[in-house]
Amino acid sequence: MSKRDYYEVLGVEKGAGEREIKKAYKKLAMKYHPDRTQGDKALEEKFKEIQEAYEVLTDSQKRAAYDQYGHAGVDPNRGGAGFGGGADFGDIFGDVFGDIFGGGRGGRQSRARQGADLRYNLELSLEEAVRGKDVEIRVPTLVECDVCHGSGAKKGTSPKTCPTCHGNGQVQMRQGFFAVQQTCPTCSGRGKIIADPCDACHGHGRKEKTKTLSVKVPAGVDTGDRIRLSGEGEAGENGAPAGDLYVQVHVREHKIFQRDGNNLYCEVPLSFTTAALGGELQVPTLDGKVKLKVSPETQTGRMFRLRGKGVKSVRSGVTGDLMCKVVVETPVNLSSKQKELLQELDDSMGGDSGKHRPKEKGFFDGVKKFFDDLTN
């Protein structure tokens, strides 16, 4: 069966640069790598084809021969450069897969893994989030063993170099020219084995502990904000650095205020007479009550802005506003006298309702026009 064009295999143009070829190869290799295709022979052959194309097109001499003579220029059976035993596919893994599979030139030596990052959910009231506070939290985590200091070996002993991988943490499986690097099964990638484990941590180098930490919550935080405590996550393996602790903030719902960014919103009930005649209204803020001047003929739903009575931004330092929406209340539990007075008021406006209730007049004028248009 004739071989496909190497440029076509990688999906690049003939004049593609090495960086573009590596990028294309990395994308395809991630998709068809044997670790992901789970023994599918057809996909394994496809991966070999991709590997072969990459090895030729990233070697300047082989690529020049291929561009001039095609596959014959790199076929060892025809005198080409070929893929003799000198092809080191471990090097290819090092160039391209070092950051994916942990192999390659820079990743062959075993590296102790950094400790895992942790997350703690912190619930605050709106007042606490706006003003900020210091809180103490208790976090269960893994800390470095204080007996063996993270080595995992009994006091007076030390870990030994793994005899299987010779300290590399990885072993290489070869099938002809095809090579795959895998985590060493003897040392689980650590590069060392512990013959005499520490009694305190049983060779793990870490122990479970609940830490009490003080967290300074800055003023102005909101739901979704995170506070990072560097080095307060799990301890790393074999003395590696600890991970970080991320405190995730959640602000509880408030009975009066709703927050949107740096602004606060609230609804304030307004009496029927104050709405009609105007007056002063007491409204709540996070700093106490303030007086709000209400102009005559105020309609329900009107929004009043109290500048600087919102939340100070934790990032920019700008303080938002308090937006007060007034809701006119209809009087309830009226006495007979009060009902008579309201009826007198309504009767007094009956002759010219459009003057006193402009929205009502506009609404019904619109309804009349709607039905007139339907009948025409």
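Okay, so let's go over this structure. (Residues numbered from 1 in each chain as written. Predicted model: local features only at pLDDT ≥ 70, side-chain atom pairs only at ≥ 80, totals over all residues. Heavy atoms only, no water.)

## Concerning the packing of helix α4 (residues 41-57) against helix α5 (residues 60-69)
And then number 1: The geometry of α4 relative to α5 is characterised by a closest axis approach of 6 Å and an angle of 105° between their N-to-C directions. Accordingly, the angle class assigned to the pair α4 and α5 is roughly perpendicular. Facing E55, V56 and L57 of α4, the residues of α5 in contact are K62, R63 and Y66.
And then number 2: Tallied by class, residues from the contact of α4 with α5 come to three nonpolar, no polar and three charged. (Axes fitted to C-alpha atoms, helices over the stretch in contact; angles between N-to-C directions. Helix = DSSP H or I, 4+ residues; strand = E, 2+ residues; numbered from the N terminus. Parallel < 35°, antiparallel > 145°, perpendicular 65-115°, else oblique. Contact = heavy atoms within 4.5 Å. Nonpolar A, V, L, I, M, F, W, Y, C, P; charged D, E, K, R; others polar.)

## What to know about the pairing of strand β9 (residues 245-251)
Regular strands place side chains that alternate from one sheet face to the opposite one.
And then number 1: Counting buried residues along β9, six of its seven residues qualify, which places the element largely inside the surrounding structure.
And then number 2: Sheet topology note: the strand β1 (residues 118-124)/β9 ladder contains seven bridges and is parallel. Each bridged residue has a counterpart across the sheet, and for E123 the counterpart in β9 is H250.
And then number 3: Judged from the four bridges that link them, strand β8 (residues 226-229) and β9 form a sheet pairing that is antiparallel. The partner of R228 across the bridge, within β9, is Y246. (Buried < 20%, exposed > 50% of the residue type's maximum accessible area, 1.4 Å probe, protein only. Pairing = 2+ DSSP bridges.)

## Notes on helix α2 (residues 18-32)
And then number 1: The end-to-end C-alpha separation of α2 is 21 Å, in line with the 21 Å expected for 15 residues at 1.5 Å each.
And then number 2: Among all positions of α2, only I21, A24, Y25, L28, A29 and Y32 are buried. Seen along its axis, α2 keeps its buried residues to an arc of 130°; they face one direction. In α2, the exposed positions that point more than 90 degrees away from the buried face belong to R19, K23, K27 and K31. (Expected span 1.5 Å × (residues − 1). Arc of directions from axis to C-beta.)

## Re the nonpolar core
And then number 1: In this structure, I137, V215, V217, L245, V247 and C324 are the most contacted members of the largest nonpolar core, which totals 36 residues.
And then number 2: When residues no more than four places from it in sequence are discounted, the contact partners of V217 are L122, L124, G132, K133, D134, V135 and I227.
And then number 3: Residues L28, I50, A65 and V74 belong to the second largest nonpolar core, which totals 21 residues. (Core = buried A, V, L, I, M, F, W, Y, C linked by side-chain atoms within 4.5 Å.)

## A word on the environment of K46
And then number 1: For K46, the position within the fold is in helix α4.
And then number 2: Each C-alpha atom of the pair K46 and V9 lies 9.1 Å from the other, and the pair is 37 residues apart in sequence.
And then number 3: When sequence neighbours within four positions are dropped, the list of residues in contact with K46 reads R4 and Y32.

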